[in-house]
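Summary of the model geometry
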Amino acid sequence: MASAPEVYSSQVQCETGIPETPMTSDNEVSNLKAKEDGIAFWTKHTVPVLTSLLKSVGSYTPEQQASHLEFLQQYIIPSMGHAPLKSRARSLLTHHGSPFETSLNHSDSGKSYLRFCYEPVFPGSDGVTESPIPAIAEKVGADLRWFNQFAAEFFPSEADDEIMKGKVPEDTIRIPKVFLAFDLGEEERSMKAYFYPIIKYMTSKTNSDRAGFDLIRRLEPLGASFGPALDLIEGYQKLLYQDPPLTVVMGIDCVRPEDGARIKIYIEPQSNTWESVQEHVTLGGKLTDKTTLDGLAILRDMWNLMIDESEGKEIDEHFSKETLQKKPGTSGVCFSWELKPGQAIPEVKIYVGLNQYFKSDNAISEALEKVFRKRGWTWGVEGAYKKIISDAFGNDVVDDEIETPTVHTFVSFNFSEKKGAYMTTYVAPFIRFP
């Protein structure tokens with residue numbers, strides 16, 4: 001009986017010369033339609049934004065812009081899943097629920113570049129049957145040796161997913177396994193991956209500090225080379241291994257570890273005082289070199305603007321800025337320790353949650369333009385940065401007469417002898433439903 005349809009099909013083709021179209025089940029048709037609708041939905045959500053930003057930053061040729069957009073459309077959008085229901089559309093990537101976030105890098109070097117981050121959908125959700133990771137990794141030439149070890153340790157299990165459903169907003173569409181990010185160079189792209197060990201703490205009380213540090217030390221290859229930097233962090237940071245833990249996110253470069261891949265440990269110290277900033281940037285007072293102190297002086301000069309305080313206001317090192325949302329366990333300021341194989345001193349970067357201090361993107365844009373002017377950057381010209389934002393994300397986001405979710409998420413800062421001041425603004429389009 002099982003072979004009957006095949007015989008019939010061959011007979012029809014033989015007698016008519018016309019190949020018969022294989023019958024497709026209603027379920028297959030429905031899944032195909034949902035996938036096509038998802039591609040159309042996420043194309044509208046992402047492509048205009050990235051198209052505008054690629055033009056605005058002025059660092060990419062038309063051919064390079066086209067290449068990055070082709071990558072987005074062929075590899076990223078098809079792995080973003082179905083078009084969401086309005087009642088259940090939240091990704092945990094951003095504060096307003098978008099699964100796609102862009103970032104704009106600025107530095108004293110004078111050139112600006114883009115990155116984007118997104119939440120891929122894995123088997124078990126939206127009819128997905130294959131992981132999107134292998135195809136994407138092959139396209140960008142990613143090295144997955146560290147990725148696979150982090151995934152084995154921190155990908156949430158089905159049991160974790162069930163527990164987390166009671167700990168996240170009701171409109172959350174899924175518990176993420178990983179977020180992927182891509183640095184858009186002039187000629188190539190490189191992949192990063194962001195894992196959430198804090199989920200393991202929330203589901204099983206596994207201390208994310210301990211789990212993360214232990215994993216780094218046993219990584220193959222080169223895990224042991226991170227020992228001195230981890231020892232230094234443990235030596236100054238007394239809040240490690242406590243309850244709750246400090247570590248929220250861990251990020252890795254998906255390039256050959258032997259070529260200098262980095263690991264970043266993101267922490268939420270639950271304090272936004274200047275005293276806390278100094279403690280983290282100097283690794284508890286251990287770093288007193290000229291580069292570190294110069295960076296702190298530059299950051300201090302722009303600190304008021306970054307937390308929505310007037311430039312002329314005197315704030316002491318114990319001043320704690322109240323956040324708009326007043327969520328327990330968050331202060332609006334995060335830090336990362338950046339580790340490189342064989343490098344004994346980690347690099348520190350600070351992240352300021354702009355949406356937790358400012359009420360509008362218009363106010364954020366104006367404050368950032370003042371910050372950029374202090375560095376002599378072209379985006380500091382009055383209205384220049386705001387135009388980049390309005391062109392990419394919509395005029396309504398910088399119009400105080402129209403209420404929209406804040407598209408800015410964070411601004412980061414670090415300072416090095418090689419790059420000087422280096423800042424990144426993170427901006428995510430909110431989901432616009434028809």
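For the structure itself, consult the block above.
Residues numbered from 1 in each chain as written. Predicted model: local features only at pLDDT ≥ 70, side-chain atom pairs only at ≥ 80, totals over all residues. Heavy atoms only, no water.

Counting residues in each nonpolar core, the largest one holds 104 residues, and the members touching the most others are F147, L180, F182, W303 and W337. Once you skip the residues sitting within four places of it in the chain, F147 turns out to touch I133, F155, V178, L180, A193, F195, I252 and C254. Formed by 10 residues, the second largest nonpolar core is a distinct cluster that contains C117, Y194, Y351 and Y426. (Core = buried A, V, L, I, M, F, W, Y, C linked by side-chain atoms within 4.5 Å. Buried < 20%, exposed > 50% of the residue type's maximum accessible area, 1.4 Å probe, protein only. Contact = heavy atoms within 4.5 Å.)

Moving on, we come to the packing of aromatic side chains. Counted under the stated rule, the structure contains 24 aromatic pairs. Taking the centre distance of 6.2 Å and the plane angle of 45 degrees together, the rings of F150 and F154 count as tilted. Placement of the pair is F150 and F154 together in helix α5 (residues 145–154), with a separation of four residues, close to one helical turn. Summarising the burial analysis for this pair, F150 and F154 share the class buried. (Phe/Tyr/Trp six-rings, centres within 6.5 Å; stacked < 30°, edge-to-face > 60°. Helix = DSSP H or I, 4+ residues; strand = E, 2+ residues; numbered from the N terminus.)

At a minimum axis distance of 8 Å, the contact between helix α12 (residues 361–375) and helix α13 (residues 384–393) shows a crossing angle of 140 degrees. Our classification of the angle between α12 and α13 gives oblique. As α12 packs across α13, the resulting crossing turns out to be right-handed. Contact residues: N362, S365, E366, L368, E369 and F372 in α12; A384, Y385, K386 and I389 in α13. Split into classes, the residues belonging to the contact of α12 with α13 amount to five nonpolar, two polar and three charged. (Axes fitted to C-alpha atoms, helices over the stretch in contact; angles between N-to-C directions. Parallel < 35°, antiparallel > 145°, perpendicular 65-115°, else oblique. Left-handed = near helix turned anticlockwise from the far one by under 90°. Nonpolar A, V, L, I, M, F, W, Y, C, P; charged D, E, K, R; others polar.)

On a regular strand, each side chain points to the face opposite its neighbour's, so the side chains alternate between the two faces of the sheet. Counting buried positions along strand β5 (residues 247–253) gives six out of seven residues, so the element sits mostly inside the fold. Summarising the sheet, strand β4 (residues 189–195) and β5 pair through four bridges and their orientation is antiparallel. Counted as the bridge partner of F195 is M250 from β5. As defined by bridge partners, β5 adjoins strand β6 (residues 263–267) across five bridges and the pair is classed as antiparallel. Within β6, the position partnered with V249 by the bridge is Y266. (Pairing = 2+ DSSP bridges.)

One pass over the structure, following the stated rule, counts 30 salt bridges. Where R262 meets D253, a salt bridge forms, and the shortest distance between an N and an O atom there is 2.7 Å. On the basis of relative accessibility, which here comes to 22%, the residue R262 falls in the partly exposed class. Note that K313 and E309 form a salt bridge whose closest N and O atoms lie 3.0 Å from each other. Exposure remark for E309: the relative accessible area of 13% places this residue in the buried category. Within the structure, one salt-bridge network assembled from shared partners comprises R115, D183, K192, D253, R262, K264 and E338. (Salt bridge = Lys/Arg side-chain N within 4 Å of Asp/Glu carboxyl O.)

What follows is about helix α3 (residues 62–76). Note: α-helices contain 3.6 residues per turn, so residues at a spacing of three or four share the same orientation. Taking 1.5 Å of rise per residue, the 15 residues of α3 would be expected to cover 21 Å, and the 20 Å separating its terminal C-alpha atoms lies within 8% of that figure. Turning to α3, its buried residues are Q64, Q65, H68, L69, F71, L72 and I76. Projected down its long axis, α3 shows its buried positions confined to an angular sector of 150 degrees, all on one face. More than 90 degrees from the buried face of α3, the exposed residues found are P62 and E63. (Expected span 1.5 Å × (residues − 1). Arc of directions from axis to C-beta.)

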